[in-house]
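Here is how the chains run, residue by residue.
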Amino acid sequence: MSAPSSIPGGGANGGSRDGGQRRSKFGRFGARRREVLPEEPLDYKNIAYLSKFVSANGRIQSRKRTGFSGQNQRMLAEAIKRARIVGLMPFVGRM
Amino acid sequence: MTLQRTRTYECMCLLDNREVRNGWQPIKDSTLAIFTKHGAKILSGRRWDERRLAYTIKGQQRGTYLLVYFSADTQALAGIRRDLQFRESVLRSLLIECVEVPQAAYEPEAEFDVNAIPADDAPASEAPAVAAPAEVAPTEAVVATETTSTETNS
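**Here we look at the overall build of chain A**
Across its full length, chain A holds 3 helices and 0 strands. Listed N to C, the secondary structure of chain A is α-α-α in terms of helices and strands. Relative to its 95 residues, chain A shows a buried fraction of 15%. Within chain A, counting contacts between residues at least 6 apart in sequence, those at least 24 apart form 59% of the total.

This is the structure in C-alpha cells:
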C-alpha cells in the first residue's frame, strides 16, 4: 500500500484539492487590505478627527484598525502625541 | 562657519488664564516679543481658542491658545524655546516646522472678551455629581449577588 502523494496543508508543491486554485496559507489574514486614506488632515489641532483613532484608554489604534498606510499612520501618531503635549488630548483616558 | 537658513515655523503657546484675565493684548504682545527678540519675523499671531484642558497643567483646567507663525533662522530656535520655557505665563509650547502658512492665519482676530472666560471648575465641585449614582450601584450589586447566591444554594 503506497503513501498519499500529497500531505494536506503542507508543502509548496503539494497537490491542489480545490480545482487548481491555491488557497492562501494564512487564510483571510493574508488577504491584501485596501489602503484607507484619511478623510481630514492629520493635524494636531484637529482634535475631533484624531479622537476617532484613540481607544477608551487613550491608546493610539494600530494600523490594522485604522487601515492607514505606514506614512499616514506615522503622521497620525505624531499628531496625537503633539496634541497630548499641549493639553488638547489626554495621555490616558477619554476626554 | 555657521549655516544661515531661514525657515517658517508654527508655535502653539498655551497661556495661563490668570494672566489672560488681566488683558489679552498685553500678554499677546509680551509673548510675541519673545520671537522678535531672537530676530524672528512674525507672519501671524492670533488667538486660536480658549478651552478646557485635557488634563490639569500647573493647577489650571482651562487655558488660552496663541498660535504664532513666524520665519526665523534655524539657529534662533533654541533661544526661542528656552525663553518660552522660562516665561511663567506660558504653560506649554509646541514649536514645529511649517511648510506653508494657512490662509486662515491671516484673517483678522475675533473679538476676545477676557471677562467671559469661565472660572476653573474645581475637581471637588464635580465629585458629588459623580458620586451620587455610584452610591446606588453598590446596593444593586449586593442585591444581585444575594440573588445569585440564593439561586446557587437552592
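**A look at the confidence of the model for chain A**
Here chain A averages 80 in pLDDT, and 66% of its residues register 70 or above. For the stretch residues 1–16 of chain A, pLDDT sits under 50, and the model shows 6 contacts to residues farther than four places along the chain or on other chains.

**Overview of the pairing of strand E3 (residues 60–73) of chain B**
All names here are of chain B. In this sheet, E3 lies alongside strand E1 (residues 6–16) in antiparallel orientation, the contact comprising 11 bridges. By the bridge assignment, Leu14 is partnered in E3 with Tyr65. Two elements, strand E2 (residues 41–57) and E3, share 11 bridges in a ladder whose sense is antiparallel. Across the sheet, the residue bridging to Arg51 is Gly63, located in E3. Two successive antiparallel strands, E2 and E3, enclose a turn made up of 2 residues, where Lys58 displays a positive phi of approximately 50°.

**Observations concerning the nonpolar core**
A:Ala83, B:Cys13, B:Leu15 and B:Phe70 are the most contacted members of the largest nonpolar core, which has 35 residues in total. Looking at this core, the elements with two or more residues in it are helix H3 (70–85) of chain A together with E1, helix H2 (24–37), E2, E3 and strand E4 (90–97) of chain B. B:Leu15 has contacts with B:Val20, B:Ile27, B:Thr31, B:Gly63, B:Thr64, B:Leu66, B:Ser89, B:Val90 and B:Leu91, leaving out every residue within four places of it along the chain.

**So, the sheet that holds E3(B)**
Residue and element names in this part refer to chain B. Within the open sheet, the 4 strands sit side by side as E2-E3-E1-E4. Their pairing is antiparallel. Each of the sheet's edge strands pairs with one partner strand only, and the pair in question is E2 and E4. The sheet shows a mean angle of 20° between the axes of neighbouring strands, taken without regard to direction. In terms of strand pairing, E1 meets E4 through 7 bridges, oriented antiparallel. What sits directly across from Tyr9, in E4, is Glu97. Helix-sheet contacts for helix H3 (residues 77–86) involve E1, E3 and E4, and the interaxial angle to E4 is about 160°.

**Digging into H3(A)**
All names here are of chain A. The terminal C-alpha atoms of H3 lie 23 Å apart, and with 16 residues this matches the ideal 22 Å at 1.5 Å per residue to within 8%. For H3, the full list of buried residues reads Leu76, Ala79, Ile80, Ala83 and Arg84. End-on view of H3: buried residues confined to an arc of 140°, all on one side of the axis. Facing away from the buried side of H3 by more than 90 degrees, the exposed set consists of Gly70 and Gln71.

Reading the values: the criteria
Along every chain, residues carry numbers that run from 1 in the direction the sequence is written. The naming scheme follows written order: chains are lettered A onward, ligands numbered 1 onward. Two thresholds apply to this predicted model, a pLDDT of at least 70 for residue-level local features and 80 or more for giving and counting side-chain atom pairs, whereas whole-chain, interface and lining totals are computed over all residues. Secondary structure elements are taken from DSSP: a helix is a run of H or I of four residues or more, a strand is a run of E of two residues or more, and numbering for both begins at the N terminus. Counts of 20 or more other C-beta atoms within 10 Å of a residue's own C-beta define buried residues, counts of 12 or fewer define exposed ones, and intermediate counts define partly exposed ones; C-beta atoms are placed from the backbone. What counts as a contact is two residues whose backbone-derived C-beta atoms lie within 7 Å of each other. A score between 0 and 100, pLDDT records how confident the predictor is in each residue. The pairing criterion is simple: DSSP has to find at least two bridges between the two strands. Note on terminology: a nonpolar core is a set of buried residues of type Ala, Val, Leu, Ile, Met, Phe, Trp, Tyr or Cys, with members joined through C-beta atoms within 7 Å. Axis angles are defined between N-to-C directions and span 0 to 180 degrees, where every axis is a line fitted to C-alpha atoms and, for a helix, only to the segment in contact. Helix span, expected: 1.5 Å multiplied by one less than the number of residues in the helix. Throughout, the arc means the angular range of directions from the helix axis out to the C-beta atoms.

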